[in-house]
Amino acid sequence: MANSRIEQIIEEIEDYIDTCKGPLLGSGDKIVVNRERMEELLRELRMKTPEEIKRYQKILANKDAIMADAQQKAEAIIAQANIQNQELVNEHEIMQQAYAQANQVIEMATAQAQEILDNATRDANEIRLGAIQYTDDMLANLQTMVSNVVETSNTRYTAMMNNFQEFYNVITSNRAELAPQTAEAVPTEASEE
């Protein structure tokens, strides 16, 4: 950046002072200057100072405006980033909620399926046990009926056999009584022939 005119005038004053000579018998800290030259430099310095100050103020104002604009843009970028971040967070939360709901639905479906399977298994076992019990009851009734039939049949058979035996005995007895007569009657029949 180029030096400002004020800085240049100050440098000129410094250079001018360096060229000035001290008094003959005086101290080394004192010099003799040309009043007109010094006044001219100081006058120009006074004139340029307000201009430079205005220029610096303008630069500072521009700087402030640039800084304010940069600040505004930075804040806008940050705000947009925050919005996007919040949207991402919201999307992430929505995804998490969706996953949680999906898992909950899966768990509920699994639990319901397991409950249906358990109920079906229990019902099937109950039906099987009921069928076994029913069959066993029917077989028990049949067994009782067969047992009664067998017992009744045995009793009737025994009674019948006893009757047959009595008939047999009666027949045998009747034949025995008829036997002597039969023996006599047989030859008569033979002699008649």
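Above this text sits the structure in question.
Quick caveat: nothing in here was measured; it's all calculated off a predicted structure.

## Description of the overall build of the chain
No. 1: In terms of regular secondary structure, the chain is built from two helices and zero strands.
No. 2: For the chain, the proportion of its 193 residues judged to be buried stands at 5%.
No. 3: Considering only residue pairs separated by 6 or more positions, the chain has 54% of its internal contacts joining residues 24 or more positions apart.
No. 4: Counting only carbon and sulfur atoms, one obtains 58% of the accessible surface of the chain, whose full area is about 16700 Å².

## Some words on a nonpolar patch on the surface
No. 1: Taken together, the side chains of Tyr157, Met160, Met161, Phe164, Phe167 and Ile171 present a nonpolar region at the surface, about 610 Å² in accessible area.
No. 2: The topology assignment puts Ile171 in helix H2 (residues 35-192).

## Quick notes on the nonpolar core
No. 1: Listed in full, the eight residues of the largest apolar core are Ile6, Ile9, Ile13, Tyr16, Cys20, Met38, Leu41 and Leu45.
No. 2: Of all the elements in the fold, those that place two or more residues in this core are helix H1 (5-19) and H2.
No. 3: Among the elements that take part in this core, H1 stands out by supplying four residues, more than any other.

## Comments concerning a negative patch on the surface
No. 1: Side chains of Glu7, Glu11, Glu14, Asp15 and Asp18 sit close together on the surface and give a patch of like negative charge.
No. 2: Its place among the elements puts Asp18 in helix H1.
No. 3: With a relative accessible area of 65%, Asp18 lands in the exposed category.

What counts and how
- Residues numbered from 1 in each chain as written.
- Predicted model: local features only at pLDDT ≥ 70, side-chain atom pairs only at ≥ 80, totals over all residues.
- Heavy atoms only, no water.
- Helix = DSSP H or I, 4+ residues; strand = E, 2+ residues; numbered from the N terminus.
- Buried < 20%, exposed > 50% of the residue type's maximum accessible area, 1.4 Å probe, protein only.
- Contact = heavy atoms within 4.5 Å.
- Areas by Shrake-Rupley, 256 points an atom, 1.4 Å probe, with all protein chains shown as cover.
- Patch = residues over 30% accessible without salt bridge, like charges linked within 9 Å, V, L, I, M, F, W, Y side chains within 5 Å.
- Salt bridge = Lys/Arg side-chain N within 4 Å of Asp/Glu carboxyl O.
- Core = buried A, V, L, I, M, F, W, Y, C linked by side-chain atoms within 4.5 Å.
- Lys, Arg positive; Asp, Glu negative; His and termini not counted.
- Charge placed at Lys NZ, Arg CZ, Asp CG, Glu CD.

Just distances and angles here, no functional claims.
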